[in-house]
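Here is what each chain is made of, one letter per residue.
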Amino acid sequence: GDCQRLWRVDADGTLGVAAGPESLTDPHDVVVDGDGTAYVLDHGRSAVVAVAPDGTASVAVGGLPATGSGSQLALDDDGSLWITAGDQVLLARPA
């Protein structure tokens, strides 16, 4: 369904799908870096999925501990991802 999609709005206001169910199973939080790459916390994969501006999706951070409703992402100025997963705070530096 629509809950398994990452939507984008282009500069002209056109709505489109950036990533769909083939890439995301249970997305819950998203941050976007300066290059336009979206990082999606996917509870179903226990991973952070990177979605490039061209729609290419790949696992940026896998093997996360159980993520739940309180899990979140943050992106700092140097491009590092901060991930809350359960009672842990994790730091990742995607390539």
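Before reading further, recall that the structure is shown in the block above.
What this report covers is the structure whose coordinates are included nearby. (Residues numbered from 1 in each chain as written. Predicted model: local features only at pLDDT ≥ 70, side-chain atom pairs only at ≥ 80, totals over all residues. Heavy atoms only, no water.)

Brief notes about the pairing of strand E5 (residues 47-51)
Turning to step 1, where the next piece is worked out: Most of E5 is tucked away: five of the five residues are buried.
Turning to step 2, where the next piece is worked out: Burial along E5 is two-sided: Ala 47, Val 49 and Val 51 facing one way and Val 48 and Ala 50 facing the other are all buried.
Turning to step 3, where the next piece is worked out: Hairpin connection of strand E4 (residues 38-42) to E5: four residues between the antiparallel strands, including Ser 46 at a positive phi of 50 degrees.
Turning to step 4, where the next piece is worked out: Bridging between E5 and strand E6 (residues 57-61) involves four bridges; their strand directions are antiparallel. In the sheet register, Val 48 faces E6, and the bridge partner there is Val 61. (Buried < 20%, exposed > 50% of the residue type's maximum accessible area, 1.4 Å probe, protein only. Helix = DSSP H or I, 4+ residues; strand = E, 2+ residues; numbered from the N terminus. Pairing = 2+ DSSP bridges.)

Brief notes about the sheet that holds strand E8 (residues 81-85)
Turning to step 1, where the next piece is worked out: Ordered by their spatial adjacency, three strands build an open sheet running E7-E8-E9, and the pairing between neighbours is antiparallel. Since the sheet does not close on itself, it has two edges, and those belong to strand E7 (72-75) and strand E9 (88-92), each with one partner. Between one strand and the next, the sheet's axes are offset by a mean angle of 20 degrees, whatever the strand orientation. (Axes fitted to C-alpha atoms, helices over the stretch in contact; angles between N-to-C directions.)

Any link to function would need more than the numbers given here.
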